[in-house]
Amino acid sequence: MPADTIISTSGVTKYFNRGRPNEVLAVNGVTFAIRKGDFSVLKGPSGSGKTTLLSLIGCMTRPTAGSVVVAGRDASHLPERFLAEIRRKTFGFIFQQFHLIPGMSVLQNVMIPLYPTDSTLPDLKRRAAALLDSLDMSKRAAFPVQGLSGGEQQRTAIARALINDPDIILADEPTAHLDTALSKDFMEIMKGFRDKGKTIVIASHDPLVFEDPAVGLIVGMRDGSLTELKRRG
Amino acid sequence: MNRAFVFLAGAGLCLLALTGLLFRSAATVRQQGNTVRDMTEIAACLRLTDISFSHDARYTRHPSQADLFSAFQDHPGSIEHFPSGSVSAPPDFSGIGTAISAGKR
Amino acid sequence: MSLTKHINILDYTLLSLLRRKFRNAGIILVFSLVICITGSVLLLTYAFKREAVLVLGNVPELIVQKMTAGRHELIPVSLGEEISRIPGVSGVEPRYWGYYFDSFTKANYTVVTPGGRLSEGNKLLQGRLPSAEEKGVAAIGGGIARTRFLGIDDDLALFSPDGKLRNFRVVGIFQAPSELLTFDLIVIGKGDLQELFSLPPGIATDLVVGVRNETEAPVIARKIRERIPDSRPILRREIIRTYDAVFSWRSGLILTLFAGALAAFAILAWDKATGLSADERREIGILKALGWETSDILEMKFWEGVAISLTSFFLGILAAYAHIFFFDAALFAPALKGWSVIYPRFHLVPFIDPYQIATLLSLTVIPYIASTIIPSWKAAVTDPDEVVRG
Ligand SMILES: Nc1ncnc2c1ncn2[C@@H]1O[C@H](COP(=O)(O)OP(=O)(O)OP(=O)(O)O)[C@@H](O)[C@H]1O
Ligand SMILES: [Mg+2]
């Protein structure tokens, strides 16, 4: 394993509803590694297990078998407290549905991940405002999130994912709700982060994403199994 | 403005107000010590046994002085005349203490 | 260890509560109403009990009444001699009193005779008290003075049983702060009372028995009953217990009247305790996915319980205090006083038991906090991957 590996899985397997009639094998013995600074895409048809693999990598859930190693720590056996810490410190997650909290402003939504830390609120506010500024969202900072357009919601979600200055950005179907122009914008933003040395993992079946020349690693999936592992560029 | 500080300050203020009221009532009680002393003197001088609290009928004026020729009243400890007096037996007070110390026993 | 994190979580909690302003304001409103009612009842009952017991602390230790055919009868004064021979009895005095129904005002007055003098400094009586031997003069309670429009030196006219009108010159009027005790009193001399009620000589209403050692009162009462089987001794202790019970009963009555509000709150609390709303569950999932730890979520829920229940508690208890001691229990007075032709005007002395308030605090705030935290426990410990899927 190369020294700059940041995420590696070995034989990672995830069952849902194990032992019951509605048992599903969502991820089946997947082994691969992502290097620091990689721009990687998990691709595959609907139901192939992309989202599940992404949440396994992101320490949102534990594998049924196999292991996930993130930044040198085996996340598959860590107590929940440490998983939360990894989520907070290492990952920025952009959800398919954005999952902004309605009733709060854009700025407040961006601040959420850092509330349970020792940074003071004025400090947090400054960081959030600077991030929104860099994403061209500062004019919407005080808006309640319910009133935003899809693209604006996504930028808010991106800002929220970045507030903790994560090493790894995970995004699930980021272009599903966007038109072509906005999808290209999104890819540009991600390339900007890649250039700053961040590792990027996107789950998507959108050709606009995985055919982008910036993508360095393509992980193909079907029915929970790895079908393709291709490094480009 | 930090909401947390606003809340904590508000709660602290309420606590302060509550303690203030406690002290205020303690002060009022002390101030009215003379009134209470005069009242006690009147009660002792006139040998009163009951406070003049309920005047709806003769038999509720002096709950402690059972007045057996009146309606519904059937026991010195009977605490009401209607309707509980007719449905349930008067409670046995000999066992229960009171929340208030009645001077020396 | 730094406080910043906890302050931040509290700040977030308040922010989150503000998202559902009206719902939470509603909860606080109902909750503080419940606390206000319960608190008012506690404050009022306690103040009444304290005042009653303080005032009654000096009532006669032992009173002996006579029974005939199971009914209360006037008692021969001569029985006092026999009682005074019982060891431990320091003295026996006859007590003369009775009720006078005033057909003009349709109210009952209590007619008593004085057993001694009031000290010069007693501010609760304007004028003076008639002595036991005096004739043709009276001291009256504030209630009578008001309904009959009487002042000092006016004449109070009362009918005696033979239908004749008798006049008493008012020489004393009891002042407002004493109305809890003197509201309906007419104090006249012993001779006047005997004539007004046509009492035969040698007969009193009951006997006041002085006791040397207070702890012996029950023993003496038993001995009196043994020697005079048709007598009924009444102990001071029983009187005070009876009052305690009367007030507890009355406060129970008030709480029953407001049972609707209590039930509404119980339903509300039940609704909260039995489950999280989908919105709350989703919020918890998002927070977890964003890196909040389980303990952070539970802390947030803790603050949520604190914010709502403490706010309600303070609002409720402050309102209760104002209700009872600034507005003289305006809401409850009818149920507490019973109906009456004339009501005493008294201002409660604000006796407060801090222990009762602390009990109310712990009985309302702690269960509410628990009912906020416990249902969110399950959501807080589940993996956040469900939220990833939406
Ligand atoms: N919580 C769950 N309980 C039961 N089955 C689940 C659960 N989550 C996912 N699955 C199943 O696991 C399989 C993989 O799902 P997953 O969401 O990872 O696919 P996907 O590749 O992301 O699909 P899409 O492109 O539609 O988002 C699916 O068959 C799905 O029904
Ligand atoms: Mg998916």
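Since the structure is predicted, the reported quantities are computational estimates derived from the model, not experimental observations.

## Quick word on the overall build of chain C
When helices and strands are counted, chain C shows 14 helices and 14 strands. In terms of overall size, chain C is more extended than a compact globule, its C-alpha atoms giving a radius of gyration of 31 Å where 390 residues would be expected to give roughly 21 Å. Expressed as a percentage of the 390 residues in chain C, the buried residues total 57%. Residue pairs in contact within chain C that sit at least 24 positions apart in sequence constitute 78% of those at least 6 positions apart. For chain C, the exposed surface amounts to about 16400 Å²; the carbon and sulfur share of it is 62%. For chain C, the distance from the average site of its 41 positive side-chain charges to the average site of its 39 negative ones is 2 Å.

## Regarding the overall build of chain A
What chain A contains, in helices and strands, is 7 helices and 10 strands. For 233 residues, the compact-globule formula gives about 17 Å, and the C-alpha radius of gyration of chain A, at 18 Å, lands near that figure. Dimensions of chain A, computed from C-alpha atoms along their principal axes, come out at roughly 45 × 40 × 40 Å. Relative to its full complement of 233 residues, chain A shows a buried share of 56%. For chain A, contacts bridging at least 24 residues in sequence account for 67% of all contacts bridging at least 6. Counting only carbon and sulfur atoms, one obtains 50% of the accessible surface of chain A, whose full area is about 9400 Å². Once the 29 positive and 24 negative side-chain charges of chain A are each reduced to a mean point, those two points are 3 Å apart.

## Describing the packing of helix α2 (residues 33-45) of chain B against helix α2 (residues 21-56) of chain C
Following both chains from N to C, one finds α2(B) and α2(C) inclined at 55°, their axes separated by 8 Å at the closest point. Compared by their axis directions, α2(B) and α2(C) come out oblique. Only Glu51(C), Leu54(C) and Val55(C) of α2(C) make contact with α2(B), whose side of the interface consists of Val36(B), Met39(B), Thr40(B) and Ala43(B). Taken together, the residues of the contact of α2(B) with α2(C) break down into 5 nonpolar, 1 polar and 1 charged.

## Here's the deal with the pattern of salt bridges
According to the stated counting rule, one finds 38 salt bridges over all chains in the structure shown. Glu188(A) is the salt-bridge partner of Lys191(A), the closest N and O atoms lying 3.0 Å from each other. In this pair, Lys191(A) and Glu188(A) both sit in helix α6 (residues 180-195), 3 residues apart, roughly one turn of the helix. With relative accessibility at 47%, the residue Glu188(A) sits in the partly exposed group. Of the charged contacts in the structure, one is a salt bridge between Glu226(C) and Arg222(C), with a shortest N-O distance of 3.7 Å. Residue Glu226(C) and its partner Arg222(C) are located together in helix α7 (residues 217-227), separated by 4 residues, close to a single helical turn. Residue classification places Glu226(C) among the exposed positions, given a relative accessible area of 55%. Assessed through its relative accessible area of 46%, Arg222(C) is described here as partly exposed. Connected through shared salt-bridge partners, Arg19(C), Arg20(C), Asp279(C) and Glu283(C) make up one network.

## What to know about helix α4 (residues 121-134) of chain A
If you check α4(A), its first and last C-alpha atoms are 20 Å apart, about what 14 residues at 1.5 Å a residue would give, namely 20 Å. Looking at α4(A), one finds that the buried residues are Leu121(A), Leu124(A), Ala128(A), Leu131(A) and Leu132(A). Along the axis of α4(A), the buried residues cluster in a sector spanning 100°; they form a single face. Looking at α4(A), the residues exposed on the side facing more than 90 degrees away from the buried face are Arg126(A) and Ser134(A). Its buried side turned inward, α4(A) meets α3 (106-111) and α5 (150-162) of chain A together with α1 (4-19) of chain C. Directly after α4(A), the chain includes Asp136(A), whose backbone phi takes a positive value near 65°.

## Topic: the sheet that holds strand β5 (residues 73-74) of chain A
Residue and element names in this part refer to chain A. Spatially, the 4 strands line up as an open sheet ordered β2-β1-β4-β5, and their pairing is antiparallel. Of all strands in the sheet, those with a lone pairing partner are β2 (24-35) and β5, marking the two edges. The sheet contacts of helix α1 (residues 50-57) involve β1 (5-16), β2 and β4 (65-70), and relative to β2 the element is tilted by about 55°.

## Quick notes on the site of ligand 1
Inspection of the region around ligand 1 gives 15 residues, with Ser46(A), Lys50(A), Thr51(A), Thr52(A) and Arg389(C) positioned closest. Per-site note: the chains with residues close to ligand 1 are chains A and C. The side chain of Lys50(A) places a nitrogen or oxygen atom 2.7 Å from an oxygen atom of ligand 1. For ligand 1, whose accessible area on its own is 630 Å², the fraction buried by protein is 70%. Those elements that place two or more of their residues in the shell around ligand 1 are β2 and α1 of chain A. When residues in the shell around ligand 1 are grouped by element, the largest group, 3 residues, is from α1(A).

## Examining the packing of aromatic side chains
All chains considered together, the criterion is met by 9 aromatic pairs over all chains. Ring-pair connections join several aromatic residues into one group, and the members of that group are Tyr115(A), Tyr12(C) and Trp292(C). When the ring centre of Tyr15(A) is taken as reference, the NZ or CZ atom of Arg18(A) above it lies at 4.0 Å. Looking at Arg81(A), its charged tip hangs above the ring of Phe82(A), at a distance of 4.8 Å from the centre.

## Some points on the pairing of strand β10 (residues 225-231) of chain A
Walk down a regular strand and you will see the side chains alternate between the two sheet faces. All names here are of chain A. Across 6 bridges, strand β9 (residues 217-222) lies against β10 in antiparallel orientation. Across the sheet, Met-221 pairs through a bridge with Leu-226, a residue of β10. The antiparallel hairpin formed by β9 and β10 contains 2 residues in its connecting segment, where Asp-223 sits at a positive phi of about 50°.

## Overview of the state of the cysteines
In protein chemistry, a disulfide is the covalent bond that joins the sulfur atoms of two cysteines. For the structure on display, the rule yields 0 disulfides over all chains. Just so you know, Cys14(B) is unpaired, no disulfide at all, and the nearest cysteine sulfur is the one on Cys36(C), 14 Å from it. Classification of Cys14(B) as partly exposed rests on a relative accessible area of 22%.

## Points about the nonpolar core
Among the nonpolar cores identified, the biggest contains 169 residues, and Met190(A), Ile202(A) and Leu46(B) are the most heavily contacted of them. The leading source of residues in this core is α2(C), at 16 residues. Look past the residues within four positions of Met190(A) in its chain and what remains in contact with it is Phe39(A), Ile94(A), Ile158(A), Ile169(A), Ile200(A) and Ile202(A). Formed by 37 residues, the second largest nonpolar core is a distinct cluster that contains Ala107(C), Ile144(C), Ile188(C) and Val209(C).

## Topic: the environment of Asn164(A)
Residue and element names in this part refer to chain A. Mapping Asn-164 onto the fold places it in the loop between α5 and β7 (168-172). Separated by 54 residues in the primary sequence, Asn-164 and Val-110 place their C-alpha atoms 9.9 Å from one another. Not counting residues up to four positions away in its chain, the partners in contact with Asn-164 are Arg-87, Arg-88, Lys-89, Phe-91, Leu-114 and Arg-127. There is a polar contact of 2.4 Å between the side chain of Asn-164 and the backbone oxygen of Arg-88. In this structure the side chain of Asn-164 is engaged in a polar contact, spanning 3.1 Å, whose partner is the backbone oxygen of Phe-91.

## Description of the sheet that holds strand β8 (residues 199-203) of chain A
Residues and elements named next belong to chain A. Ordered in space as β6-β7-β8-β3-β9-β10, the 6 strands form an open sheet in which the pairing is mixed. Sheet topology places β6 (91-94) and β10 at the edges, where each strand pairs with a single neighbour. Going from strand to strand, the sheet's axes swing by 15° on average, the running direction of each strand aside. One ladder, built from 5 bridges, connects β7 with β8; its direction is parallel.

About the cut-offs
- Residues numbered from 1 in each chain as written.
- Chains lettered and ligands numbered in written order.
- Predicted model: local features only at pLDDT ≥ 70, side-chain atom pairs only at ≥ 80, totals over all residues.
- Heavy atoms only, no water.
- Helix = DSSP H or I, 4+ residues; strand = E, 2+ residues; numbered from the N terminus.
- Rg over C-alpha atoms; globule rule 2.2 N^0.38 Å.
- Buried < 20%, exposed > 50% of the residue type's maximum accessible area, 1.4 Å probe, protein only.
- Contact = heavy atoms within 4.5 Å.
- Areas by Shrake-Rupley, 256 points an atom, 1.4 Å probe, with all protein chains shown as cover.
- Lys, Arg positive; Asp, Glu negative; His and termini not counted.
- Charge placed at Lys NZ, Arg CZ, Asp CG, Glu CD.
- Axes fitted to C-alpha atoms, helices over the stretch in contact; angles between N-to-C directions.
- Parallel < 35°, antiparallel > 145°, perpendicular 65-115°, else oblique.
- Nonpolar A, V, L, I, M, F, W, Y, C, P; charged D, E, K, R; others polar.
- Salt bridge = Lys/Arg side-chain N within 4 Å of Asp/Glu carboxyl O.
- Expected span 1.5 Å × (residues − 1).
- Arc of directions from axis to C-beta.
- Pairing = 2+ DSSP bridges.
- Near = heavy atom within 4 Å.
- Polar contact = N/O pair within 3.5 Å; in protein donor to acceptor, adjacent residues only side chain to side chain.
- Phe/Tyr/Trp six-rings, centres within 6.5 Å; stacked < 30°, edge-to-face > 60°.
- Lys NZ or Arg CZ within 6 Å of the ring centre and 35° of its normal.
- Disulfide = S-S within 2.5 Å.
- Core = buried A, V, L, I, M, F, W, Y, C linked by side-chain atoms within 4.5 Å.

In short, shape yes, function no, at least from these values alone.
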